[in-house]
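Chains, contacts and geometry: an overview
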Amino acid sequence: MEIKITDIEHIGEAARRFVGHIGDHRVVAFYGAMGVGKTTFIKAVCEALGVEDVITSPTFAIVNEYEAREGRIFHFDFYRIKKLEEVYDMGYEDYFYSGARCFIEWPEMIEELLPEDAVKVKITQLPDGSRELLILNS
């Protein structure tokens, strides 16, 4: 499935469509170049799920936790991970297999640890500045 975001004013609508499409899937891996809008889109998705907290990039913390209508959401940014041991040490299994939603930026760094049923999403910036989300599996 593809979702196009023409501009920032339409990101909420795209996030609601995305949430409807992924249904009960818990782990979602977001692929895309630096600055393509992964964090911005995850923020919109969290808001669509009812998060009222301030949503920020977990670049330095690696994981942020939010409360939504349906329960917890974990937002990961693995950009700074140097070795998989760091992810093992943080207890990734406790997050990925908790039943909570997990939104992951830079999953390339931990590809082999992703659950088999993780939804993979590629975000691309198009020449006109819009964004395209390609949901590779769900």
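**Considerations on the side chain of Ser130**
Among the secondary structure elements, Ser130 is positioned in the loop between strand E6 (119-125) and strand E7 (131-135). Separated by 2.5 Å, the side chains of Ser130 and Asp128 make a polar contact. Those residues in contact with Ser130 that sit more than four places away from it in its chain are Lys4, Ile5, Thr6, Thr124 and Gln125.

**Some details on the layout of surface pockets**
One number sums up the size of the largest pocket: a volume of about 160 Å³. What lines the largest pocket is a set of 14 residues, among which Ile5, Ile8, Ile11, Val36 and Arg131 lie closest to the centre. At the level of secondary structure, the elements contributing two or more residues to the lining of the largest pocket comprise helix H2 (38-48) and E7. Taken together, the residues that form the lining of the largest pocket break down as seven nonpolar, five polar and two charged.

**Considerations on the pairing of strand E5 (residues 101-105)**
Judged by how many residues are buried, E5 sits mostly within the fold: five of five residues are covered. Where burial is concerned, the two faces of E5 agree: the one with Arg101, Phe103 and Glu105 and the one with Cys102 and Ile104 are both buried. Relative to E5, strand E4 (residues 71-77) is paired through five bridges, and the arrangement is parallel. Its bridge partner being in E5, Phe76 is matched across the sheet by Ile104.

**Quick notes on the environment of Phe60**
Looking at where Phe60 falls in the secondary structure, it is placed in the loop between H2 and strand E3 (63-68). Classification of Phe60 by relative accessible area gives exposed; the value is 69%. Between the C-alpha atoms of Phe60 and Ile8, which are 52 residues apart in sequence, the distance is 25 Å.

**A short note on the sheet that holds strand E2 (residues 27-31)**
Pairing is mixed across the open sheet formed by seven strands, whose spatial order is E1-E7-E6-E2-E5-E4-E3. Unpaired on one side and paired on the other, strand E1 (2-5) and E3 mark the two borders of the sheet. When strand polarity is set aside, the average angle formed by the axes of neighbouring strands in this sheet is 20 degrees. As paired elements, E3 and E4 share six bridges and run antiparallel to each other. Across the sheet, Glu67 pairs through a bridge with Arg72, a residue of E4. Across the sheet, helix H1 (residues 11-22) lies against E1, E2, E5, E6 and E7, angled at about 165 degrees from E1, the strand it touches most. Relative to E5, H2 is tilted by about 165 degrees, and along the sheet it contacts E1, E2, E3, E4, E5, E6 and E7.

**With respect to a nonpolar patch on the surface**
Taken together, the side chains of Met34, Tyr79 and Met109 present a nonpolar region at the surface, about 300 Å² in accessible area. Classification of Met109 as partly exposed rests on a relative accessible area of 35%.

About the cut-offs
- Residues numbered from 1 in each chain as written.
- Predicted model: local features only at pLDDT ≥ 70, side-chain atom pairs only at ≥ 80, totals over all residues.
- Heavy atoms only, no water.
- Helix = DSSP H or I, 4+ residues; strand = E, 2+ residues; numbered from the N terminus.
- Polar contact = N/O pair within 3.5 Å; in protein donor to acceptor, adjacent residues only side chain to side chain.
- Contact = heavy atoms within 4.5 Å.
- 1 Å grid on protein atoms, 1.4 Å probe; cavity = no way out; pocket = protein on both sides within 12 Å on 5 of 7 lines; lining within 4 Å.
- Points joined across faces, edges and corners; volume = space filled by probe spheres on them.
- Nonpolar A, V, L, I, M, F, W, Y, C, P; charged D, E, K, R; others polar.
- Buried < 20%, exposed > 50% of the residue type's maximum accessible area, 1.4 Å probe, protein only.
- Pairing = 2+ DSSP bridges.
- Axes fitted to C-alpha atoms, helices over the stretch in contact; angles between N-to-C directions.
- Patch = residues over 30% accessible without salt bridge, like charges linked within 9 Å, V, L, I, M, F, W, Y side chains within 5 Å.
- Areas by Shrake-Rupley, 256 points an atom, 1.4 Å probe, with all protein chains shown as cover.
- Salt bridge = Lys/Arg side-chain N within 4 Å of Asp/Glu carboxyl O.

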